[in-house]
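Structural description and commentary
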Amino acid sequence: MKFHVMTLFPDMVLDGLNTSIIGRAQNEKIIEVEAIDIRDYTRDKHRHVDDYPYGGGAGMVMQAAPICDCYDDICRKLGKKPRVIYMTPQGKLFNQEIAKELAKEDDLVLLCGHYEGVDERALELLGTESLSIGDYVLTGGELPAMVVIDAVSRMVHGVLTNDESADFESFEDNLLEYPQYTRPEVYKDLRVPEVLMSGHHANIMKWRREKSLERTYERRPDLLADANLDKKDIKYLSTIKSLEEQNG
Ligand code: 4F9
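Residues numbered from 1 in each chain as written. Predicted model: local features only at pLDDT ≥ 70, side-chain atom pairs only at ≥ 80, totals over all residues. Heavy atoms only, no water.

**Examining the environment of Ile36**
Here Ile36 is to be found in strand β2 (residues 32–37). Overall, the relative accessible area of 10% leaves Ile36 in the buried class. Ile36 sits 25 residues away from Val61 along the chain, and the two C-alpha atoms are 19 Å apart. When near neighbours in sequence (up to four residues on either side) are disregarded, Ile36 contacts His4, Val5, Met6, Thr7, Tyr41, Cys70 and Ile74. (Helix = DSSP H or I, 4+ residues; strand = E, 2+ residues; numbered from the N terminus. Buried < 20%, exposed > 50% of the residue type's maximum accessible area, 1.4 Å probe, protein only. Contact = heavy atoms within 4.5 Å.)

**Some details on the pattern of salt bridges**
Scanning the entire structure with this criterion turns up 17 salt bridges. The shortest N-O distance in the salt bridge between Asp69 and Arg43 comes to 3.0 Å. Pair noted here: Asp69 is in helix α3 (residues 64–78) and Arg43 is in the loop between β2 and β3 (50–51), with a separation of 26 residues, a long-range link. When its relative accessible area of 75% is taken as the criterion, Arg43 is described as exposed. In this structure, the salt-bridge partner of Arg83 is Glu101, at a minimum N-O distance of 3.0 Å. Of this pair, Arg83 sits in strand β5 (residues 83–93) while Glu101 sits in helix α4 (residues 96–102); the two residues are 18 residues apart in sequence, bridging distant segments of the chain. Looking at Arg83, the relative accessible area reads 22%, which means it is partly exposed. Relative accessible area serves as the criterion here: at 34%, Glu101 is assigned to the partly exposed category. Through salt bridges that share partners, Arg83, Glu101, Glu105 and Glu129 make up one connected network. (Salt bridge = Lys/Arg side-chain N within 4 Å of Asp/Glu carboxyl O.)

Structural data, given as structure tokens:
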């Protein structure tokens, strides 16, 4: 899978994705990240990519032409028109389900804005979809694009090794991850939970499931509405709830 990132700061994007698992996946050619400098597509002799907003107001707006020309060049080289995703707080909230869905694409274009935004006509002409990574404003779309690339890449077959497998993780059943422990057995008087030392696989699985349910209930109860729960899970949750009611 190839990501084509349209940005004013190509080094920021490349530098942030060349380490660890995503760096390895690029070395192994399982994924590719290309960062294209929108400034290379300006026809202005001063290489301007932004201008004052019509109607007045603070800040600058990225012009449509360099963005559209940049996208046309990507399409010409690929011989097709890949989906374009514009990173904006006004977009649909990114989540694991969207990451999985995007991982099916062969090519994906990510548009990173700066300043006060992008001329609306560029978004219209490119038929962009919009994604937000959360309700906050950043200085540009590069970090959100990197977040999306990371989350999508790890859903691409071959990016994670067996050890790193995506199966038993947070959000798989729409539940939070259970707590993890490693050596030593006692650290600053804190013991590893006994069941994890027992070697009893079925008990360990049961304990982990219950911890996941407990955590999700306490920290992210909103997730439970869409969680994959069986009868035992529902029963366990109801015992947590009644314990809570008893203790006030
Ligand atoms: C994009 C914030 C996506 C959150 C882009 C400034 C952004 C953002 N999610 N903030 N430019």
